[in-house]
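Here is how the chains run, residue by residue.
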Amino acid sequence: MVEIVPACADDVRAIGRRRNLDDLSIRLSLQSAERGGVWAARDHGEVIGIALARDSEEERYAGDLFVEPSYRGQGVGAALLEAVFETSDLTRT
């Protein structure tokens, strides 16, 4: 069963290694995770996807979204995006 949870540093590093991200990208993702702006999708404890939120003063957007290829088409990406936008503290008009 896939669960969506706030990401920890280990989640960010695991996906970063799988995607061959550079050190700067991983550092920026780790900073977002420290601020509570990253969500992970896990299947039986293994991280299989990640979404990063970015906020401006007026809006939130998904800065990055990744789902392992073998899990695509199963709603994991949609669940990650839902978590990103459900947790926004920005006022909606």
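Description of the structure in this document. Please read all numbers here as calculations on a predicted model, not as lab measurements. (Residues numbered from 1 in each chain as written. Predicted model: local features only at pLDDT ≥ 70, side-chain atom pairs only at ≥ 80, totals over all residues. Heavy atoms only, no water.)

**Things to note about the overall build of the protein**
Next, step 1: Helix and strand content of the protein: 3 helices and 4 strands.
Next, step 2: Taking 2.2 N^0.38 as the reference for a compact globule, 93 residues should give roughly 12 Å; the C-alpha atoms of the protein span a radius of gyration of 13 Å, in line with that estimate.
Next, step 3: Seen along its three principal axes, the alpha-carbon backbone of the protein occupies a region of about 40 × 30 × 20 Å.
Next, step 4: Across the 93 residues of the protein, 41% fall into the buried class.
Next, step 5: Residue pairs in contact within the protein that sit at least 24 positions apart in sequence constitute 55% of those at least 6 positions apart. (Helix = DSSP H or I, 4+ residues; strand = E, 2+ residues; numbered from the N terminus. Rg over C-alpha atoms; globule rule 2.2 N^0.38 Å. Buried < 20%, exposed > 50% of the residue type's maximum accessible area, 1.4 Å probe, protein only. Contact = heavy atoms within 4.5 Å.)

**Topic: the nonpolar core**
Next, step 1: Membership of the largest hydrophobic core comes to 14 residues, with the highest contact counts inside it found for A7, V12, I15, V38, A40, V47 and I50.
Next, step 2: When contributions to this core are tallied by element, the ones reaching two or more residues are helix 1 (9-18), helix 2 (23-34), strand 2 (38-43) and strand 3 (46-55).
Next, step 3: Not counting residues up to four positions away in its chain, the partners in contact with A40 are E3, I4, V5, P6, A7, D11, V47, G49, I50 and L80.
Next, step 4: Judged by nonpolar contacts, the second largest core, of 11 residues, contains A41, A53, Y71 and A83. (Core = buried A, V, L, I, M, F, W, Y, C linked by side-chain atoms within 4.5 Å.)

**Quick look at the pattern of salt bridges**
Next, step 1: The tally for this structure, following the rule as stated, stands at 6 salt bridges.
Next, step 2: As a salt-bridge pair, R18 and E46 come within 3.2 Å of each other at their nearest N and O atoms. Note that R18 is positioned in helix 1 and E46 in strand 3, a separation of 28 residues in sequence.
Next, step 3: In this structure R18 comes out as partly exposed when scored by relative accessible area, which is 36%.
Next, step 4: One salt bridge connects R18 with E68, and the closest N-O pair in it is separated by 3.0 Å. Residue R18 is found in helix 1, and its partner E68 is found in the loop between strand 4 (60-67) and helix 3 (76-86); the two are separated by 50 residues along the sequence.
Next, step 5: Residue E68 is classed as buried on the basis of its relative accessible area of 16%.
Next, step 6: A single salt-bridge network, built from bridges that share partners, covers R18, E46 and E68. (Salt bridge = Lys/Arg side-chain N within 4 Å of Asp/Glu carboxyl O.)

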